[in-house]
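Examining the three-dimensional arrangement
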Amino acid sequence: MTARPAGPLPVRAPVVAGHRSGFRLVPGSGWSRGPAGPGDRPWPAGERVHPDEQEATMVSGTEVRREVVVGSPARPAGRRRWLVPVLLAVGWLLGVGWRMWLSRHVPLPIAHTDEDSYLHTARALAGGPGGFSSENGPLRRVGYPLLISPAFLGERDFADSYRLVQLINAAVNATVLPLAYLLVRRLVPVRRAVALAAAAVAATLPATVFYAGVAMIDAVLAPLVLAWLLAVYHWVRRPGPLVAAGAGALVGAFHLLHSRGLVIVAVHVGLVLLLFLRRRISPAQVLAAVLPVLAAALLNEAVIRLLGDRVYLLGDPPGGGTVRAVASGPGLLRVGAAVATQLWYLVVITFGLAGVAWAGAVAALLRPAADTSTAATPQPAPAPAPAPAPVPAATPVPAATPVPAATPVPAATPVSAAAPDPGAAVAAGGSRSAADVGATRWTFGVALVTSVGVAAGASVILAGITTKPLDAIYGRYVQMLAPFWLLVGVGMLVAATPRSRWRRAAVAAGVLLAGATLIAARLAWVASRGHELRYGGFGAPDLMALTGGWREFRPFTGAVVGLVGCLLLVVAVRRPRWRVPVLAALVVVNLGTMQVITDRLVRPMVAATAPTPRVADVGVRPGDRVWASLGVQWVLRFNLSHQVTWADVRWFVDNPPADADVVLVRWAPGEPDDWDGARHGFVRLGGNVEQHWAAWRRR
């Protein structure tokens, strides 16, 4: 007798379908001869499937078909345990190194005055001198300065401290990779390879990476969003005090970091109330979820009081100007246009995937929970009937022969014909338990409300800043949400039916075209009244690179970029073998986009804002009392002041204070505002006449 192979080859078979030779697969029993069922299809000749190919696929009508591996050979358990963690750890290290490599051209701040505010506060928290902050009292936060304050411990040159800040940013920002992998595997389960590739796309997205090279709070918000939504998913799926406290702690971190955390706090409070009213959580969990947020708010106030007047505020608190900006019909229209622009921007920079994700998320939320559970929960087998008499092999067994009760029918068993589009259930979570699908729906709802809330809150606050022109686009506040929606969009495309894919792509296309039309109309309307909207490098750097719009906003070009990307993705995901290569191609696009941003935007900013020579090179020494004149261009004045690490550099108009040892002033020979230090008893140390600054020391 010939020896049996060590393991059978993987075979692709429909769970409920008839083989064209007359057999069907009965779970737990093997192959049985029987008539073909209504949903059967011919068996593709020579078709094979990878053992990992487990995600659900759909056919038209109400039948759900799932690719299963019959008798797949067991792989070493040890390899499965360590391979993915090792890949994620290596990917994180590579991500940190790549971010540091991108920031090598940035030795001094370029995002003024936000960077200056955070750096001064961090230096004061580390025991050094303070400085100014452009924040205002009600919106003041100390979380990010607390995070980067270790960079200012000890006596270091400012350039070294700034490099350490970039390293802290890179280490935190690169955690997007493992968090993205965990999130996409929970929300919309796909193969490990697809999940890893999607996580790599999210981790290299310019909206994620750009701010890691500067001392900006946005460097840490993208991973925090992923961690928070992952915590929400686990909390809803399996409520408990520990996970409730974890979700609350992450919300508290948002509150500590930035004023947009107020939106997160409001969403969190709403989630807690809903879960409690629906009796999904206990009063103990309510306390566990709320107390960390209160603790973070108290910590913020305590640190502010500890700082005292060492950090002084220059920002105006929101008040009447904000109310007047939105309390009218035109004001509300402006805010609405700004919100729509930010959401449109998310769809463009995710290559249409955010629009695909929104379409699937809204569909999942509108569907009754019972229908989703029916489609996603394994159905129990019918009760066992008395075993029929043995039937000869040549005699067909009726198709209605019941399955033994001990063997559950797989989750992909066809649902009732009355159930609505089962493909949506797969898109909301695949063939999973009701708890999984329910948690996914709640997470989608939280993410949707947060996206609209952050865009609206940012638009209202920015509308109240009447001292500057309004922005044509300011995507900074919603960039932190881009990785999440990109991941969900990938999952929605992979797990959906072909018809659902095209429907969701059509929604994304509608958002892109409608948004571009609205933006173009807004720009034209403002221009017709002799005004123009502000369009700067920090408003949407990735959009600038993708559309080539370095000096002008190109909404229709952006729409084309999103449409082409979405179309290619929809076509590519039809074949499982194409999914990972296509996602890898998106990683390459992201890498190239970041390089373009570095060359076209970051390096010119550095060249324009980095003063030369250094103050130490012209003879300014530790212990000198240094003042700066308002005649020095403000960006140069800030970066010159950062190099004076031992003192807070204050400003004067024309006459230097009596206690000043060194002054930094305007140097413009032949011009009326050239500062002559000789008449004040100073001698010039040096400076840069082309940059119009000089350092003078008192005789």
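Above this text you will find the structure in question.
Let me sum up the structure you'll find in this document.

Here's the deal with the packing of helix H8 (residues 218-237) against helix H10 (residues 261-277)
- Running from N to C, H8 and H10 cross one another at 5°; their axes reach a closest spacing of 13 Å. What the angle tells us is that H8 and H10 run roughly parallel. Facing Trp228, Val232, Trp235 and Val236 of H8, the residues of H10 in contact are Ile264, Val267, His268, Leu271, Val272 and Leu275.
- Partitioning the contact of H8 with H10 into residue classes produces 9 nonpolar, 1 polar and no charged.

Points about helix H18 (residues 482-495)
- Compared with an ideal rise of 1.5 Å per residue, which puts 14 residues at 20 Å, H18 spans 20 Å between its outermost C-alpha atoms and is within 8% of the ideal.
- With respect to burial, H18 is a largely interior element, 14 of its 14 residues being buried.

Brief notes about the sheet that holds strand S11 (residues 662-665)
- Strand order across the open sheet formed by 5 strands is S10-S9-S11-S13-S12, with mixed pairing between neighbours. Among the strands making up the open sheet, the edge pair consists of strand S10 (650-652) and strand S12 (682-688). Pairwise comparison of adjacent strand axes, ignoring direction, gives a mean angle of 30° for this sheet.
- Pairing analysis gives 6 bridges linking S12 to strand S13 (residues 693-698), with the strands arranged antiparallel. Its bridge partner being in S13, Gly687 is matched across the sheet by Ala694.

Some words on the pattern of salt bridges
- Considering all chains together, one arrives at 15 salt bridges under this definition.
- Here Asp157 and Arg614 are joined by a salt bridge, their closest N and O atoms 3.9 Å apart. With Asp157 in the loop between helix H3 (143-148) and helix H4 (158-173) and Arg614 in the loop between helix H22 (576-609) and strand S9 (626-629), this residue pair connects regions lying 457 residues apart in the sequence.
- Residue class for Asp157 comes out partly exposed when judged on its relative accessible area of 36%.
- Here Asp654 and Arg679 are joined by a salt bridge, their closest N and O atoms 4.0 Å apart. Of this pair, Asp654 sits in the loop between S10 and S11 while Arg679 is found in the loop between S11 and S12, placing the two residues 25 residues apart along the sequence.
- In the salt-bridge network here, residues are joined through shared partners; they are Asp114, Asp218, Arg260 and Arg476.

Comments concerning the nonpolar core
- With 156 residues, the main nonpolar core has Trp228, Trp235, Trp344, Phe484 and Trp485 as its most contacted residues.
- A total of 15 residues in this core trace back to one element, the largest contributor, which is H8.
- Excluding residues within four positions of it along the chain, Trp485 makes contact with Leu353, Ala354, Ala357, Trp358, Ala361, Phe444, Ala447, Leu448 and Ser451.
- The next biggest cluster of nonpolar side chains, apart from the first, holds 15 residues, and it includes Val620, Val626, Val649 and Leu664.

Rules of the game
- Residues numbered from 1 in each chain as written.
- Predicted model: local features only at pLDDT ≥ 70, side-chain atom pairs only at ≥ 80, totals over all residues.
- Heavy atoms only, no water.
- Axes fitted to C-alpha atoms, helices over the stretch in contact; angles between N-to-C directions.
- Helix = DSSP H or I, 4+ residues; strand = E, 2+ residues; numbered from the N terminus.
- Parallel < 35°, antiparallel > 145°, perpendicular 65-115°, else oblique.
- Contact = heavy atoms within 4.5 Å.
- Nonpolar A, V, L, I, M, F, W, Y, C, P; charged D, E, K, R; others polar.
- Expected span 1.5 Å × (residues − 1).
- Buried < 20%, exposed > 50% of the residue type's maximum accessible area, 1.4 Å probe, protein only.
- Pairing = 2+ DSSP bridges.
- Salt bridge = Lys/Arg side-chain N within 4 Å of Asp/Glu carboxyl O.
- Core = buried A, V, L, I, M, F, W, Y, C linked by side-chain atoms within 4.5 Å.

Remember, this is a structural readout, not a statement about activity or role.
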